[in-house]
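Here's the letter readout for the chains.
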Amino acid sequence: MAQPALMNTYGRLPVTFTRGEGVRLFDTEGKRYLDSISGIGVNALGHAHPAVTEAIQTQAGQLLHTSNLYSVQKQTELAEALCAVSGMDNVFFSNSGAEANEAAIKLARKHGHDRNIEIPHVVVMEQAFHGRTLATLTASGNRKIQAGFEPLVRGFIRAPFGDIAALETIAHNNDSVAAVLIEPIQGEGGIHTLPPEYLSQLRALCDKYDWLLMLDEVQTGNGRTGKYFAYQHSDIMPDVVVTAKGLGNGVPIGACLAHGKAASLFQPGNHGSTFGGNPLVCAAGLAVVKTLTSNNAIEQVAENGRYLVAGLKQQLANAPHVKEVRGQGLMIGIELTTPCAGLVALALEKGLLINVTSERVVRLLPPLIINQQEIDELLSILCPLILAWTDQSSAA
């Protein structure tokens, strides 16, 4: 798969896809694949979804871009739809999740400076992933992706994921904190979930110390966990929530949503984006939001997620090297006790697309439109591969 015209930044698999339909992809040889990674959680509505296709085609025939020097009707409509489904007050649109997280970090620093903090800090988590720009790379908790890009950006304090006592200690020892940035479920970090009461405790802590509570829902947002946003499984309201990936179903768009005091921090000139929220991407995003919020689509995600987890637990119950099956909705991780990156190529041969993260976790992010018959097909391919892999590991 050598492609000398492209920078050598990806270890690509030996396949090229030419078209997609629903949860299926087809390669240059016409081979059909079941997609259970959906472009790393991007194709929430699957491939070639008619509502998204129509929205893009219609908008492309009318207007692609004007810039944010002017009012953009579709941008306003999408912002209103996101505020309605989230309870947030306003939105800044960008081109990616990393850029949306950059906006959140700038909001945190603005909040800190408004509180007369000379060098505002943001608390971030071990094993987190927030992007690959210099600030979001620093905020991420993965030394492997940071190496070679020093000096990193100052202004971050790292804490253990899910440990509220550690945050209390930070609060007592550091008066320069302006915000906490956390993923409700760590995706790249290995599909790690928070303790049930953690977000409520974190909300109370942020209120106590006047910190912004900022949630990175780049991957968990847009119906992935069985609610529109993962924080809606609890009774809290964040100050900032960031999303991207599934919002555009393949069209690059990110969104930074703000609530309460965070919603008035940015004023004209504080932040901007040339392409952010242009008519084309917002038309696609609006089609996604309308589709997900109609016909109990997100409730079906929760049901199908439970069905998939139950199937995995049943079929892998006796696998000696399967440590845990975890996740929420259709964001699922299967942690093995041994490295398992080789499963990706084996699954590809069988016509199934999967992903391995954190070396030992098989990550499943199927399109949210997957049905139970397709889940059964996924299980029938994946579980025998994992069982064979763990048997091989036991023999070794």
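Read on for a plain summary of the structure.

### What about the overall build of the protein?
Each helix and strand counted, the protein has 12 helices and 17 strands in total. For the protein, the C-alpha radius of gyration of 21 Å lies close to 21 Å, the compact-globule estimate for 396 residues. For the C-alpha atoms alone, the extent of the protein along its principal axes is close to 60 × 55 × 45 Å. Here the protein has roughly 17600 Å² of accessible surface; of this, 52% comes from carbon and sulfur atoms.

### Section: the side chain of Gln186
With respect to the helices and strands, Gln186 occurs in strand S8 (residues 185-186). Overall, the relative accessible area of 0% leaves Gln186 in the buried class. Once residues within four sequence positions are removed from consideration, Gln186 is found in contact with Met125, Glu126, Gln127, Ala128, Phe161, Ile191, His192 and Met331.

### Some words on the nonpolar core
Counting residues in hydrophobic clusters, the biggest one holds 84 residues, and the most contacted among them are Met125, Leu202, Leu312, Ile334, Leu364 and Leu382. At nine residues, the largest contribution of residues to this core is made by helix H12 (residues 372-395). Once you skip the residues sitting within four places of it in the chain, Leu364 turns out to touch Ser36, Leu308, Leu312, Leu330, Met331, Ile332, Ile334, Ile354, Leu378 and Leu382. With 23 residues, the next largest nonpolar core counts Ala100, Ile105, Ala108 and Val122 among its residues.

### Thoughts on the packing of aromatic side chains
Counting across every chain of the model gives four aromatic pairs. Taken together, the ring pairs in this structure connect Tyr228, Phe229 and Tyr231 into an aromatic cluster. The ring of Phe26 carries Arg19 above its face, with NZ or CZ at 3.9 Å from the centroid.

### Some points on the packing of helix H3 (residues 73-86) against helix H9 (residues 279-292)
At a closest axis distance of 8 Å, the pairing of H3 and H9 adopts a crossing angle of 30°. Between H3 and H9, the angle is such that the two are roughly parallel. Once H3 is placed against H9, the crossing between them reads as left-handed. The segment H3 lies against H9, with Lys74, Gln75, Glu77, Leu78, Ala81 and Leu82 engaging Pro279, Cys282, Ala283, Gly285, Leu286 and Val289. Looking at the contact of H3 with H9, its residues break down into eight nonpolar, two polar and two charged.

### As for the side chain of Thr243
Position of Thr243 relative to the elements: it lies in strand S11 (residues 240-243). Engagement of the side chain of Thr243 in a polar contact is seen with the backbone oxygen of Glu217, the distance being 3.0 Å. Here the side chain of Thr243 touches Asn222 through a polar contact of 2.9 Å, side chain to side chain. Apart from residues lying up to four places away in sequence, Thr243 is in contact with Ala100, Glu217, Val218, Gly221, Asn222, Phe229, Gly254, Ala255 and Leu257.

### A word on the pattern of salt bridges
A complete count under the given rule lists 13 salt bridges for this structure. The residue Arg203 makes a salt bridge to Asp239 at a minimum N-O spacing of 3.0 Å. With a gap of 36 residues between them, Arg203 in helix H8 (residues 198-209) and Asp239 in the loop between strand S10 (212-216) and S11 connect regions that are remote in the sequence. Exposure class is identical for Arg203 and Asp239. Each is buried. Among the ionic pairs, Asp210 bridges to Lys261, the shortest N-O distance being 2.6 Å. Taken together, the residues Asp210 in the loop between H8 and S10 and Lys261 in the loop between strand S12 (254-258) and H9 connect sequence positions 51 residues apart. Taking the relative accessible area as the measure of exposure, Asp210 reaches 27% and is therefore partly exposed.

### Some details on H9
With 14 residues, H9 should reach 20 Å at 1.5 Å per residue; the first-to-last C-alpha distance of 20 Å fits that figure. With respect to burial, H9 is a largely interior element, 12 of its 14 residues being buried. Considered for burial, the residues of H9 that qualify are Pro279, Val281, Cys282, Ala283, Ala284, Gly285, Leu286, Ala287, Val288, Val289, Thr291 and Leu292. The backbone nitrogen of Leu280 lies 3.1 Å from a side-chain oxygen of the residue at the head of H9, namely Asn278.

### Considering the packing of helix H7 (residues 164-173) against H8
Closest axis-to-axis distance for the H7/H8 pair is 10 Å, and the angle between their directions is 10°. Taken together, the axes of H7 and H8 lie roughly parallel to each other. Along the contact surface, H7 presents Ile164, Leu167, Glu168, Ala171 and His172, while H8 presents Tyr198, Gln201, Leu202, Leu205, Lys208 and Tyr209.

### Examining the environment of Leu34
Relative to the assigned elements, Leu34 resides in strand S3 (residues 32-35). The class of Leu34 is buried, set by a relative accessible area of 1%. Linking Leu34 and Gly269, residues 235 residues apart in sequence, is a C-alpha distance of 46 Å. Setting aside residues no more than four positions away along its own chain, Leu34 makes contact with Val23, Arg24, Gly351, Leu352, Leu353, Glu374, Glu377 and Leu378.

### What to know about the sheet that holds strand S17 (residues 361-364)
Whether parallel or antiparallel, the strands of a sheet pair through hydrogen bonds between backbone atoms. Read from one edge of the open sheet, four strands run S13-S14-S17-S16, paired in antiparallel fashion. Looking at strand neighbours, the two that pair on one side only are strand S13 (322-328) and strand S16 (355-357), the edges of this open sheet. Mean inter-strand twist for the sheet, computed between neighbouring axes without regard to direction, equals 25°. Bridge analysis of strand S14 (residues 331-336) against S17 gives four bridges, and the strand direction is antiparallel. Residue pairing for S17: Ile334 is matched across the bridge by Val362.

### Here's the deal with the sheet that holds S3
Strand order in the open sheet made by the four strands is S1-S2-S3-S15, with mixed pairing throughout. Where the open sheet ends on each side, the last strands, each with one partner, are strand S1 (17-21) and strand S15 (352-353). Across two bridges, the pairing between S3 and S15 is parallel. Residue pairing across strands places Asp35 opposite Leu353, the latter belonging to S15.

Cut-offs and rules
Residues numbered from 1 in each chain as written. Predicted model: local features only at pLDDT ≥ 70, side-chain atom pairs only at ≥ 80, totals over all residues. Heavy atoms only, no water. Helix = DSSP H or I, 4+ residues; strand = E, 2+ residues; numbered from the N terminus. Rg over C-alpha atoms; globule rule 2.2 N^0.38 Å. Areas by Shrake-Rupley, 256 points an atom, 1.4 Å probe, with all protein chains shown as cover. Buried < 20%, exposed > 50% of the residue type's maximum accessible area, 1.4 Å probe, protein only. Contact = heavy atoms within 4.5 Å. Core = buried A, V, L, I, M, F, W, Y, C linked by side-chain atoms within 4.5 Å. Phe/Tyr/Trp six-rings, centres within 6.5 Å; stacked < 30°, edge-to-face > 60°. Lys NZ or Arg CZ within 6 Å of the ring centre and 35° of its normal. Axes fitted to C-alpha atoms, helices over the stretch in contact; angles between N-to-C directions. Parallel < 35°, antiparallel > 145°, perpendicular 65-115°, else oblique. Left-handed = near helix turned anticlockwise from the far one by under 90°. Nonpolar A, V, L, I, M, F, W, Y, C, P; charged D, E, K, R; others polar. Polar contact = N/O pair within 3.5 Å; in protein donor to acceptor, adjacent residues only side chain to side chain. Salt bridge = Lys/Arg side-chain N within 4 Å of Asp/Glu carboxyl O. Expected span 1.5 Å × (residues − 1). Pairing = 2+ DSSP bridges.

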